[in-house]
Amino acid sequence: MTAPLSTALRLVDTDPAELTTDAIVIGVHSVAGGDGPPGLAGALLLASGAESIAAAFDGKLTETLARLGASGSAGEVTKIATLGTVAAPVVAVVGLGPEPTGAAPVPEILRRGAAAAIRSLAGNESVTVALPLPDDEDGPAALRAVAEGALLGSYKFAGYKTKPAPRQPVADIAVHVPDAADKTAQDEVTRALTVARVVALCRDWVNTAPNDLRPPAFADAVVAAAGAAGLEVEVLDEEQLKAGGYGGILAVGLGSAAPPRLVKLTYKPGGAGDRKRVALVGKGITFDTGGVSIKPAQGMWEMKSDMAGAAAVAATLLAVAELKPDVEVSGYLPMAENMPSATAYRPGDVVTMFNGKKVEVLNTDAEGRMILGDAMARACADGCDFLFETSTLTGGQVIALGKRVAGVMGTPEMCDRVRDAGDAVGEAAWPMPLPDDVRTGMDSDVADISQVNASMDRAGHMLQGGVFLREFVGDGVPWAHIDIAGPSYHSGEPTGHWSKGGTGVPVRTLLELVDRIAAE
Ligand code: BES
Ligand code: ZN
Ligand code: MN
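Residues numbered from 1 in each chain as written. Chains lettered and ligands numbered in written order. Predicted model: local features only at pLDDT ≥ 70, side-chain atom pairs only at ≥ 80, totals over all residues. Heavy atoms only, no water.

Looking at an unreviewed UniProt entry, one finds the chain named Probable cytosol aminopeptidase, with Asanoa iriomotensis as its source organism. The chain has a UniProt comment under Subcellular location (unreviewed entry) that states "Cytoplasm". Regarding the chain, the relevant UniProt record gives this comment under Function (unreviewed entry): "Presumably involved in the processing and regular turnover of intracellular proteins. Catalyzes the removal of unsubstituted N-terminal amino acids from various peptides." (UniProt positions renumbered as here; feature names shortened; annotations may be inferred.)

Here we look at the site of ligand 1
What surrounds ligand 1 is a group of 17 residues, the closest being Asp288, Lys295, Asp306, Asp365 and Gly395. Lys283 is positioned such that a nitrogen or oxygen atom in its side chain is 3.2 Å from an oxygen atom of ligand 1. Asp365 places a side-chain nitrogen or oxygen 2.7 Å from an oxygen atom of ligand 1. In the complex, the protein chains occlude 87% of the 510 Å² of accessible area that ligand 1 would expose alone. (Near = heavy atom within 4 Å. Polar contact = N/O pair within 3.5 Å; in protein donor to acceptor, adjacent residues only side chain to side chain. Areas by Shrake-Rupley, 256 points an atom, 1.4 Å probe, with all protein chains shown as cover.)

Remarks on the coordination of the manganese ion (ligand 3)
Those donors, Asp288 (OD), Asp365 (O), Asp365 (OD) and Glu367 (OE), are the protein atoms that reach the manganese ion (ligand 3), and they lie 2.0 to 2.2 Å from it. Seen from the manganese ion (ligand 3), its 6 donor atoms lie at angles of 69 to 167 degrees, and the figure they make is irregular. If you look at the manganese ion (ligand 3) and the zinc ion (ligand 2), they sit 3.1 Å from each other and are both ligated by Asp288. In this pair, Asp288 sits in strand β11 (residues 284–288) while Glu367 sits in the loop between β14 (358–360) and α10 (368–382), placing the two residues 79 residues apart along the sequence. (Donors = N, O, S within 2.8 Å, 3.2 Å for Na, K, Ca; no water. Tetrahedral: all angles 85-135°; square planar, octahedral: opposite > 155°, others 65-115°. Helix = DSSP H or I, 4+ residues; strand = E, 2+ residues; numbered from the N terminus.)

Details of the packing of α10 against helix α14 (residues 461–470)
Two elements in contact, α10 and α14, have axes whose closest approach is 9 Å; the angle formed by their N-to-C orientations is 35 degrees. The two elements α10 and α14 cross, and the hand of that crossing is right-handed. Packed against α10, whose contacting residues are Arg369, Met370, Leu372, Gly373 and Met376, the element α14 presents Gln464, Gly465, Phe468 and Leu469 at the interface. Along the lines of polarity and charge, the residues of the contact of α10 with α14 split into 5 nonpolar, 3 polar and 1 charged. (Axes fitted to C-alpha atoms, helices over the stretch in contact; angles between N-to-C directions. Left-handed = near helix turned anticlockwise from the far one by under 90°. Contact = heavy atoms within 4.5 Å. Nonpolar A, V, L, I, M, F, W, Y, C, P; charged D, E, K, R; others polar.)

Here we look at the side chain of Asn453
With respect to the secondary-structure elements, Asn453 resides in the loop between β18 (449–450) and α14. When its relative accessible area of 1% is taken as the criterion, Asn453 is described as buried. A polar contact of 2.9 Å, which involves the side chain of Asn453, links it to the backbone oxygen of Val438. The contact partners of Asn453, leaving out residues within four places of it in the chain, are Asp437, Val438, Gly441, Met442 and Gln464. (Buried < 20%, exposed > 50% of the residue type's maximum accessible area, 1.4 Å probe, protein only.)

Here's the deal with helix α4 (residues 139–153)
The end-to-end C-alpha distance of α4, which contains 15 residues, comes to 21 Å, matching closely the 21 Å that a straight helix rising 1.5 Å per residue would cover. With 12 of 15 residues buried, α4 lies mostly within the body of the structure. The complete set of buried residues in α4 reads Gly139, Ala142, Leu143, Ala145, Val146, Ala147, Glu148, Gly149, Ala150, Leu151, Leu152 and Gly153. Structurally, α4 contributes buried residues whose contacts are with β1 (8–12), α3 (107–120), β6 (126–129), β7 (172–176), α5 (183–207) and α15 (507–519). (Expected span 1.5 Å × (residues − 1).)

Here we look at the packing of aromatic side chains
By the definition in use, this model includes 4 aromatic pairs. Aromatic pair Phe157 and Tyr160: ring centres 6.1 Å apart, planes at 70 degrees, arrangement edge-to-face. By relative accessible area, Phe157 is classed as partly exposed at 25%. Looking at Tyr160, the relative accessible area reads 47%, which means it is partly exposed. Arranged with centres 4.5 Å apart and planes meeting at 20 degrees, the rings of Tyr246 and Phe354 form a pair that is stacked. With Tyr246 in the loop between α7 (238–244) and α8 (247–253) and Phe354 in the loop between β13 (350–352) and β14, this pair connects stretches of sequence that are 108 residues apart. (Phe/Tyr/Trp six-rings, centres within 6.5 Å; stacked < 30°, edge-to-face > 60°.)

Laid out in structure tokens, this is it:
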């Protein structure tokens, strides 16, 4: 069902002007206050990497670009027919925004630029990317960004069309570097290929039609990939969930003919010694109708993406299995389909969760916290030094922070970690509070806690989710909840490294967090 990304990526260090490839990608900056040709946009400055191409055009490239309408703004792509001036028939010039004030190019601008250029060249076989890569300590980060961006820009969901669409993604990408034999550079390519492949798999899972990815099928797909990667795998089916006391996962699963699952994946590094243990938990609602508290029809199809957290955690574990950081990592993926039916759970129900807490259900559409509470409590029962949970938990996240910035709640140091890691990889995340009054309003008349704060109605929905989940974290466990309702799914036209549909957020953040913990 899911075809992994098949794009190849390698390094070249031959002169870009002499490369026989279908197209060369170079960069251009806008120059603040500079004068371009009269009547046109401001001045342009070709980025490093473009020198030999510029020379072949006899120094006329920037003026030509300006006359073609280029402004150098980030992500803009202008294509030029080379007609014999250089070996490649096409040069694609991608805007990299204003000339960087520091010496180093900004990695995220390179990541977005490389992705936009590669996407715009769909239909070509082979493309060489010659973007600015400093030959110093900033080089690896820039190369990582270019390689990741180029690969992510070649992602396209194969979908279900009976005839394949024309203009297939670029299949063969070369990145121009000062020295293609450099070990650090080669390691970055290997890493980028792994990362892009798991992000593509995560996107594929999110984009898969929800009738094809109900909990048992999703669990099977994850288990197949994890088994092949050499991860330890444990799957709890509905009987085992009952025996284990997973009341939250079972309650949400009641409404569906496709029973719920809990998948646990574990990576243990080889060799002796005590390692830190990282637990990752991801929401796996394969479709969220809202249940008895049913959602409006408009836009409901996007709720096929309500398993983006689980897909991201599974993808992260697959990358970890290949990259082998020196830290133990477990992934917990509670999976259920939230349906209204004669057997569904209902508002007013009281559910006993895995940690024994009794929850009064007030809205069956707040199903994510029910399955996550169980999975987080299980992760803490197994033992962990860090707990990161990610979920498409609330529409309130989208209202508060928009479609690009995830909301982060939890212990303050962990929130800072998530924000910093997200910044480093181009997946923005912002810390949000867990106010006392939000918890007070969740006191239930009949149970230990209500599922939502009834007195607040729609106010602070994102915070209500965080406050609820805190109840399922073991004493003293550092934790963070990452609400990805907005950033995990991109409904607009593709832009930068965001393809349409599933984005793969926050796979690269989770990987960065794991890498940083391993390096501590
Ligand atoms: N899966 C939704 C949240 C969501 C909304 C994700 C939009 C992506 C885009 C979640 O299960 C949900 O329904 N949340 C409710 C919570 C409420 C009932 C307390 C919401 O946000 O309205
Ligand atoms: Zn949901
Ligand atoms: Mn819901």
